[in-house]
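If you want the building blocks of each chain, they are given just below.
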Amino acid sequence: MLVFIIRRLNLFFFTMLLLTLLTFSLSFLFPGDPLVNLSGQINATPQQLEQLKLAYRSEQDLIQQYFAYLSHLAEGDLGLSMASQTQITSEIINLLPATIELSLIALLLAMFVGIPLGFIAAVNHRKTADNIILSIAMLGYSVPVFWLGLVAILVFSIQLGWFPSAGQLSLVYEIEHVTGIQFIDILLSDSVYKWQAFRDASAHIVLPACVVATAPATIFIRLARSSMLAVLETHYIKAARAKGLTFRQIIFRHAVRNALLQIIRHIGLQFANLVTIAMITEVIFSWPGIGRWLIESIYQRDYTGIQSGLLVLSTFIFIVHILTDFIYAALNPLAREHNHGTS
């Protein structure tokens, strides 16, 4: 296990090296002064420019400039937003929890819907239920997320009036910002309207979470189906049948648990797709997350915002991917080493 952890940490540091090299290179690829693109200070005075040149070592070679850039990242200094001239670090700290909240709820929703449907399709292989579930999965994956979000607002918000169409919480509730994750902040609040606010926040997140979860749920359906079909063809399942176990006992005692192991390893990859979908959904539903902020930065040509948003989101996705690998290795010891059992 120690070797597995060391390898994953080496992979993490190598990936972070590539990400920082990419974001550092963008300052030279964007129009304008690279120093301004790194710091975001578009209206700096001559004295401030001299200080920035020393801080970012802009008059030295690229290697020295890159290490200066890394030192600023290590200190949590991502520069100023070119659009608002505020610290990007504070903006990301305020906005990232909302994206995490939406993404995690959507991921859980996609798993709780997609995995059971995939198992049902595999158990009923080549039957009517299998064909219907696969057709739904193909349809759900083919629908554009922006169209689905607009239709959801039109039907469930405007025509039926069941759910709010925008935002994270109604303005009538004043909840103190503690963690940035709305549900946790509501539970930590001393407001007498805590549970009303909790219900209101739940109503606000239903539509965007369902829209974000649609495409990943269809992928989980296909992953769960193929994983279950592979498990049902293994020798230990055939041995269980030979021992006289019923089909229900084989599925719930042996097949489901082993099929889930094969699905866990794909969660990290699906999370990257889910965050990408969440960025578009945040714009449609005016969700105050980092995805919406990053897209607005692109529209406003906020180069420091683009660099920082790319770095933070990529790091966040890769951390989830690494954690998924650790969980999979903890549940399946054979995955820790490819040469497991060899001398």
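Reading the values: rules and limits
- Residues numbered from 1 in each chain as written.
- Predicted model: local features only at pLDDT ≥ 70, side-chain atom pairs only at ≥ 80, totals over all residues.
- Heavy atoms only, no water.
- UniProt positions renumbered as here; feature names shortened; annotations may be inferred.
- Core = buried A, V, L, I, M, F, W, Y, C linked by side-chain atoms within 4.5 Å.
- Buried < 20%, exposed > 50% of the residue type's maximum accessible area, 1.4 Å probe, protein only.
- Contact = heavy atoms within 4.5 Å.
- Axes fitted to C-alpha atoms, helices over the stretch in contact; angles between N-to-C directions.
- Helix = DSSP H or I, 4+ residues; strand = E, 2+ residues; numbered from the N terminus.
- Left-handed = near helix turned anticlockwise from the far one by under 90°.
- Polar contact = N/O pair within 3.5 Å; in protein donor to acceptor, adjacent residues only side chain to side chain.
- pLDDT = per-residue confidence, 0-100.
- Salt bridge = Lys/Arg side-chain N within 4 Å of Asp/Glu carboxyl O.
- Expected span 1.5 Å × (residues − 1).
- Arc of directions from axis to C-beta.
- Phe/Tyr/Trp six-rings, centres within 6.5 Å; stacked < 30°, edge-to-face > 60°.

- Per an unreviewed UniProt entry, the protein goes by ABC transporter permease and derives from Thalassomonas haliotis.
- The protein has a UniProt comment under Sequence similarities (unreviewed entry) that states "Belongs to the binding-protein-dependent transport system permease family. OppBC subfamily."

### Things to note about the nonpolar core
Okay, step 1: Ranked by size, the top nonpolar core spans 83 residues in total, and within it I92, F119, F220, M228 and I290 carry the most contacts.
Okay, step 2: Setting aside residues no more than four positions away along its own chain, I290 makes contact with I92, L95, L96, T99, E282, V312 and L313.
Okay, step 3: Counting six residues, the second largest nonpolar core, distinct from the first, contains L26, M82, Y303 and I306.

### Observations regarding the packing of helix α7 (residues 145-159) against helix α12 (residues 267-284)
Okay, step 1: In contact at an axis separation of 10 Å, α7 and α12 are set at 35 degrees when each is read in the N-to-C sense. You can see that α7 and α12 cross each other, and the crossing is right-handed. Here V145, F146, G149, L150 and I153 of α7 lie close against α12, whose contacting residues are I277, I280, T281 and I284.

### Observations concerning the side chain of S27
Okay, step 1: Here S27 shows up in helix α1 (residues 2-29).
Okay, step 2: Within polar-contact distance, the side chain of S27 engages the backbone oxygen of F24 at 2.6 Å.
Okay, step 3: Not counting chain neighbours up to four residues away, the residues in contact with S27 comprise P34, N37, L38 and Q307.

### With respect to the confidence of the model for the protein
Parts of the model with low pLDDT should not have their predicted coordinates read in detail.
Okay, step 1: On average, residues of the protein score 84 in pLDDT, and 95% of them are at 70 or above.
Okay, step 2: A low-confidence stretch, residues 339-343 stays under pLDDT 50, and its non-local contacts, those more than four residues away or across chains, total one contact.

### Some remarks on the pattern of salt bridges
Okay, step 1: This model, assessed by the stated rule, comprises three salt bridges.
Okay, step 2: A salt bridge links K53 to E50; the shortest N-O distance between them is 3.9 Å. In this pair, K53 and E50 both sit in helix α3 (residues 46-56), three residues apart, roughly one turn of the helix.
Okay, step 3: A relative accessible area of 30% means that K53 is categorised as partly exposed.
Okay, step 4: The class of E50 is partly exposed, set by a relative accessible area of 45%.

### Description of the UniProt feature "domain: ABC transmembrane type-1" (unreviewed entry) in the protein
Okay, step 1: UniProt records the feature "domain: ABC transmembrane type-1" (unreviewed entry) for residues 96-328 in the present numbering.
Okay, step 2: Summarising residues 96-328: 79% helix, 0% strand, and an end-to-end C-alpha distance of 26 Å.

### Quick notes on the UniProt feature "transmembrane region" (unreviewed entry) in the protein
Okay, step 1: In this structure's numbering, the residues bearing the UniProt feature "transmembrane region" (unreviewed entry) are residues 12-30, 104-124, 136-162, 201-221, 271-290 and 310-331.
Okay, step 2: The distance separating the terminal C-alpha atoms of residues 310-331 is 32 Å; by composition the span is 100% helix and 0% strand.

### Quick look at unusual backbone geometry
Okay, step 1: Of note, the phi angle at Q85 is positive, near 60 degrees, even though the residue is not glycine.
Okay, step 2: Considering the arrangement of structural elements, one finds Q85 in the loop between α4 (62-74) and α5 (88-123).
Okay, step 3: The exposure class assigned to Q85 is partly exposed, which follows from its relative accessible area of 32%.
Okay, step 4: Phi at R126 takes a positive value of approximately 65 degrees, unusual for a residue other than glycine.
Okay, step 5: Position of R126 relative to the elements: it lies in the loop between α5 and α6 (128-142).

### Looking at α6
Okay, step 1: Given a rise of 1.5 Å per residue, 15 residues ought to cover 21 Å, and the 21 Å separating the end C-alpha atoms of α6 matches this to within 8%.
Okay, step 2: The set of residues buried in α6 consists of D130, I133, A137 and G140. The buried residues of α6 all sit within an arc of 100 degrees when viewed along its axis, so they share a single face. Counted as exposed and oriented over 90 degrees from the buried face of α6: T128, M138, L139 and S142.
Okay, step 3: Residues of α6 that are buried make contact with α5 and α9 (194-232).

### Quick notes on the packing of aromatic side chains
Okay, step 1: Using the criterion set out here, one finds eight aromatic pairs in the structure.
Okay, step 2: The interplanar angle of 40 degrees and the centroid separation of 5.9 Å between the aromatic rings of F156 and W162 together place this pair among those described as tilted.
Okay, step 3: When its relative accessible area of 31% is taken as the criterion, F156 is described as partly exposed.
Okay, step 4: Three or more aromatic residues joined by ring pairs form one cluster here, namely F24, F28, Y66, F67 and Y69.

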